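Each chain is listed here by its residues.
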Amino acid sequence: MESKTLDLRHLECPEPVKKAQEELDSIKEGSIIILVKSPSNWNIERFAKKSGFKIDMVKHQDYYELKIIKTPYAKTEESILKKIVNTLKGKSEENDSKNVLLIVGTDTMGKEDDIGRVLIKGFFETIKATKEIPHTIFFLNAGVKLTTMDNEIVPILKDIEAMGAEIFSCGACLKHYGLETELKVGYRGATTHIVEGMTDFKKVVWI
């Protein structure tokens, strides 16, 4: 069985997950130990689990160590097991898919900033009030200002997160705006969330 160690701590998202996928695609069977920093560890973990690979993750002081084991029939075995579990739960493959991925690429709605800020606050307040909670909300571009700088919207987003939504902010966008240490709700993420949205979600909504 092949074994290899990849030190990807120097790479920014989404490069680590791309490198991990390339290495795993290049072998039929074996294990790979990957050293990465957050949030790449979560993205690689999601990819590995989705592919049916076994993964163990250990947190060190300033990085994560992930051991991924690939077997020739990992995906097939995982798919069969999932079907069995869903059958026992009375769930179908169709009902098991995620509902909505909401992508927020702005900190306002529309061209006029003043009314746009009122509208986007009202949008999230409506989500909270109606309990129409997306499975995942991904903030990118100027949208990351809502999860960092906007003291009116952050509490609303925290409530939406507590109601079950997964919230992520683009790591590259946080870095661009100098907001890497200002994240107040959710986690750092990468554009892999958008790519996954094309297949993993019933609906993808952009605002």
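An account of the accompanying structure is given in this report. (Residues numbered from 1 in each chain as written. Predicted model: local features only at pLDDT ≥ 70, side-chain atom pairs only at ≥ 80, totals over all residues. Heavy atoms only, no water.)

### Comments concerning unusual backbone geometry
Positive phi values are uncommon outside glycine, yet N141 reaches one of about 50°. Along the chain, N141 falls in the loop between β6 (136–139) and α6 (153–162). Overall, N141 belongs to the partly exposed group, its relative accessible area being 42%. (Helix = DSSP H or I, 4+ residues; strand = E, 2+ residues; numbered from the N terminus. Buried < 20%, exposed > 50% of the residue type's maximum accessible area, 1.4 Å probe, protein only.)

### A closer look at the pairing of β6
Side chains T136 and F138 project from β6 onto one buried face, and the interleaved I137 and F139 project onto a second face that is buried too. At this point the chain moves from strand β5 (residues 98–104), through helix α5 (residues 113–130), to the parallel β6, and the crossover so formed is right-handed. The sheet contact formed by β6 and strand β7 (residues 166–170) spans four bridges and is parallel. The residue of β7 that forms the bridge with F138 is F168. (Right-handed = clockwise from strand over helix to strand, strands pointing away. Pairing = 2+ DSSP bridges.)

### Let's talk about a nonpolar patch on the surface
A cluster of nonpolar residues, I115, V118 and L119, forms a patch on the protein surface that exposes about 260 Å² of accessible area. Mapped onto the elements, I115 comes out in helix α5. The exposure class assigned to I115 is partly exposed, which follows from its relative accessible area of 45%. (Patch = residues over 30% accessible without salt bridge, like charges linked within 9 Å, V, L, I, M, F, W, Y side chains within 5 Å. Areas by Shrake-Rupley, 256 points an atom, 1.4 Å probe, with all protein chains shown as cover. Salt bridge = Lys/Arg side-chain N within 4 Å of Asp/Glu carboxyl O.)

### A short note on the sheet that holds strand β9 (residues 201–206)
Through backbone hydrogen bonds, the strands of a sheet pair up, either in parallel or in antiparallel fashion. Strand order in the open sheet formed by five strands is β8-β7-β6-β5-β9, and the pairing between neighbours is parallel. Two strands bound the open sheet, and with one partner strand each, they are β8 (187–189) and β9. Across this sheet, the average inter-strand angle for adjacent strands is 25°, counted without regard to direction. Sitting on the sheet, α5 is in contact with β5 and β6, with an inclination near 165° to β5. (Axes fitted to C-alpha atoms, helices over the stretch in contact; angles between N-to-C directions. Contact = heavy atoms within 4.5 Å.)

### Considering α5
The terminal C-alpha atoms of α5, which comprises 18 residues, lie 25 Å apart, in line with the 26 Å expected from a rise of 1.5 Å per residue. All of the buried residues along α5 are G116, I120, F124 and I127. Take α5 and look down its axis: the buried residues cluster within an arc of 70°, on one side only. For α5, exposure combined with an orientation more than 90 degrees from the buried face picks out D114, V118 and A129. Looking one or two places after α5, you find K131, whose phi comes out positive at around 60°. (Expected span 1.5 Å × (residues − 1). Arc of directions from axis to C-beta.)

### Structural notes on helix α1 (residues 15–25)
Three or more residues of α1 are buried, namely P16, V17, A20 and L24. In an axial view of α1, the angular spread of the buried residues amounts to 95°, which keeps them on one side of the axis. Those residues of α1 that are buried lie in contact with β2 (30–36), α2 (40–51), β4 (64–70) and α8 (192–200).

### Examining the packing of aromatic side chains
The tally for this structure, following the rule as stated, stands at four aromatic pairs. Ring centres of F124 and F139 lie 6.0 Å apart, and the angle between their planes is 35°; this geometry places the pair in the tilted category. Residue F124 is found in helix α5, and its partner F139 is found in strand β6; the two are separated by 15 residues along the sequence. F139 shares its class with F124; the two are buried. On the basis of an interplanar angle of 45° and a centroid distance of 6.4 Å, the ring pair of F168 and Y187 is categorised as tilted. Taken together, the residues span a long stretch of sequence, with F168 in strand β7 and Y187 in strand β8 at a distance of 19 residues. On the basis of relative accessible area, Y187 is assigned to the exposed category, the value being 52%. (Phe/Tyr/Trp six-rings, centres within 6.5 Å; stacked < 30°, edge-to-face > 60°.)

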